[in-house]
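# Chains, contacts and geometry: an overview
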Amino acid sequence: MNITRLFFFCGLFLICFQSSFAQEDFKAEKKEIKKYLNKAVVEFSNANYDKALELSKFALVTSFAINDNSLIAQSYNTIGVIYDECSETKKAIEFYQKAIRYAARVKNDTLNNWIYGNLGSVYYFNEIDVVKGIDYYKKALKYAEKVKDSAQIIYTKLNLASAYFSIDSIKQGEIQIAPIKNDILKKGTDDAKISLHILLGLQSSFNNKNEIAEENYFKALKISKANNHIPYLVNVYENLSKHYKKNKDLKKSEIYQFKIDSINNIVFSVDKVDKLKKSVLQIELDEHKIQLERIEEENNRNQKVARDSKLVVILFIIGVIILLLLLLTLYKNIKFRELANEELKFAYDELKIAKEKAEEASLLKSQFVSTITHELRTPLYGVIGITNIILDEHKELNNSPHLKSLKFSAKYLLSLVNDILQINKIEEKKIVLESLIFNLSDEINTICNSVEYIADKNNNKLIVEIDTEIPEFLIGDKLRLSQIIMNLVSNALKFTKNGEVIISADLKNVNDTIYNIEFKVKDNGIGIPKEHQSKIFDKFVQIERREEDYQGTGLGLSIVTSLIELFKSEIHLESIENVGTTFSFTIGFEFNEEKSREIINNIEVDLSSNYVYNILVVEDNKINQMVTKKIIQNSNLNCTIVDDGYAALVALEREHFDLILMDINMPLINGFDTTRKIREKGIQIPVIALTAFDKQEVSEEAIAAGMNDILIKPFEPTKLYQIISNQIIKKENAD
């Protein structure tokens, strides 16, 4: 695709009318500089590049003489445009970079817009690095939007569209054109209209709409000829030549190529190019000359002070010298501080932008985590609930290892989803370990049943060795322990074939009621190379294997490390390549017969009563309705289910209920607003939020809406029974 040369020098045409942001002195000199820059623009437009360069060079020298950073930047920008137009791209980039350095000292957003736009053009139009050119255009657009310069916004978007078209990103280019097309056609400048028609021609040609393409090209050609815009005229000819060549009309293609060659022979004569190359060295010499003149002037002033000082008394001279030295030191300190402050301010602005971007990214991440957690917990609630229903309805399957493994795997998946999606909470120590009673042997055997299919696949043997000194019941976070062992065992089985994996638990020591147990997962698999052992616990790290592909997220060992740190412990690794690997860690669990008995008793919930409580369930998900209804009916409670909040309000008017289970994320009206309407009616029935959102996210709004408690799906039936019992009893006592 032909690269369309668009508004490549737009900044140059505008700089001559921009007021300087330097001090108000040297008004006559500034006026002279602007006059020379205006003349340079005229000569540039007439393709007299050598004259334009001479005028720009004089403007640069004068700008240095009065130390006006804004005009220095504008002069460098002008020189860069001239060299760029004459294909001296290396020098053009050099002068644009100088322009950026001086523009940074005056904080002129408009000037930055021009320079970054021209930098984008030099990388794009000269095919140096189109992607880098697009990045510079985006920076230019940011500054144009900051100062709300509609003309520059249009120019930059046209440049962006042209760059995207050049790499066949047609859709990205169309996104840039769409919002500005009508404005350009109605009230745009001739330059903008020419560029728009060229782009529309490119777009139509790409989509094989040849008549529309030619119509747009000829519109651009007509305006270019009317305004004698030679660069645009060349670009239209180039596009027409490419267009006809693409459509096999070689005769017309050659006609327009001949026109291009004729113009280029006139504009880019050998003499003009030679003059430009000779001028490069002269400009650099002039820059050094300016610096030397400044040093000489400073030296002459110092000598004059020394001569005049001889007329004064020696003591006075010494005092003046000391005072001058102090003032010089103070001056240098002030200048140094000013420079440091400028650098700090620039760094602060950069850090502020980075901070805002980081906060925005963090907010988006939090929103994503919240949404995906809710969407994953909802079906898991159905899986766990239906598993419980099967176990309740088919007592003969209570000892089925398959159903137990299914239930365990669902719970494990739920916890793993929570930990992976909220790994930032693990790192920030926001996860709190639970105290649950469990049988270590049962937990490890359940894990073995769950991973048995992996063992069978690789013809591995699973061996469990548990120290008989370990008490039957321990108190601690069994789910986190299961996650750790599950990850390590799955890893061991995956990297072992025709071997064995040993899971061992040995009692190391007893400290009061804390039993410190050392866990080991040992395999005789392929092992881990020594050079990779230090990084396998990092997130997303997967060690490259030579023989076959081992799939995985690369998060397993990172999660294991984080979970073990929650237990205030650490993991150790021993591995020899082609011999095997051993992971070991020590965790302390509590053993207390009295406390264990209390926890077991708390699990048993008795809702027996002469009065049958009536529960209203507000839930839109049909599977969740079935699961919740079954759980409630199993406790001999009445259950009425409605699909949304408005139906709940109608049900409350027709029937008395003792408690409401309210879903939060529902159509028509959410659970919070439904609860508010219930409270507005003066109904004080306990309302329990039944939701898949994280509890921390909804607690504040739930309390504000008038809800009494929150239960996160999925949950154990006993947990639901406890909350229902507690809330109904609390309501009865209050009455």
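Residues numbered from 1 in each chain as written. Predicted model: local features only at pLDDT ≥ 70, side-chain atom pairs only at ≥ 80, totals over all residues. Heavy atoms only, no water.

Our focus in this paragraph is the packing of aromatic side chains. Aromatic ring pairs: the centre-centre distance and the angle between the two ring planes describe each pair. All chains considered together, the criterion is met by 19 aromatic pairs. The interplanar angle of 75° and the centroid separation of 6.4 Å between the aromatic rings of Y124 and Y137 together place this pair among those described as edge-to-face. Taken as a pair, Y124 in helix α6 (residues 109–125) and Y137 in helix α7 (residues 130–146) lie far apart in primary sequence, 13 residues in all. Relative to Y256, the ring of Y244 has its centre 6.0 Å away and its plane inclined at 10°; by these criteria the two rings are stacked. Placement of the pair is Y244 in helix α13 (residues 230–246) and Y256 in helix α14 (residues 250–267), with a sequence separation of 12 residues. You can call Y244 buried: its relative accessible area is 5%. Of the aromatic side chains, those joined through ring pairs into one cluster are F64, Y76, Y83, F95 and Y102. The residue whose ring lies beneath R105 is Y102, and the NZ or CZ to ring-centre distance is 4.4 Å. (Phe/Tyr/Trp six-rings, centres within 6.5 Å; stacked < 30°, edge-to-face > 60°. Helix = DSSP H or I, 4+ residues; strand = E, 2+ residues; numbered from the N terminus. Buried < 20%, exposed > 50% of the residue type's maximum accessible area, 1.4 Å probe, protein only. Lys NZ or Arg CZ within 6 Å of the ring centre and 35° of its normal.)

So, about the pattern of salt bridges. It is possible for side chains of opposite charge to pair when their charged atoms get near one another. Within the structure shown, the criterion is met by 17 salt bridges. In this structure, K57 and E54 form a salt bridge, with 3.4 Å as the shortest nitrogen-oxygen distance. Here the residue K57 and the residue E54 both occupy positions in helix α3 (residues 49–65), the gap between them amounting to three residues, near one helical turn. (Salt bridge = Lys/Arg side-chain N within 4 Å of Asp/Glu carboxyl O.)

When the pLDDT values of the protein chain are averaged, the result is 80; 79% of them are 70 or greater. The weakest mean pLDDT in the protein chain belongs to helix α1 (residues 10–15) at 43; the strongest belongs to strand β5 (residues 514–523) at 95. Predicted confidence is poor over residues 1–23, with pLDDT under 50, and the contacts of this stretch with residues over four places away or in other chains come to 91 contacts. Every residue in residues 604–608 is under pLDDT 50, and counting partners more than four places away or in other chains gives seven contacts. (pLDDT = per-residue confidence, 0-100. Contact = heavy atoms within 4.5 Å.)

Mapped onto the elements, S409 comes out in helix α17 (residues 401–421). Relative accessible area serves as the criterion here: at 28%, S409 is assigned to the partly exposed category. The sequence separation of S409 and S450 amounts to 41 residues, and the corresponding C-alpha distance is 6.9 Å.

Between the first and last C-alpha of α7 there are 24 Å, a value that for 17 residues agrees with the 24 Å anticipated at 1.5 Å per step. Along α7, the positions that sit buried rather than exposed are V130, G133, I134, Y136, Y137, A140, L141, Y143 and A144. Packing partners of the buried residues in α7 comprise α5 (89–103), α6 and α8 (150–166). Between the side-chain oxygen at the start of α7 and the backbone nitrogen of V131 there is a gap of 3.3 Å, and the oxygen is on D129. Note on α7: the residue one or two positions beyond its end, K148, has a positive phi of about 55°. (Expected span 1.5 Å × (residues − 1). Polar contact = N/O pair within 3.5 Å; in protein donor to acceptor, adjacent residues only side chain to side chain.)

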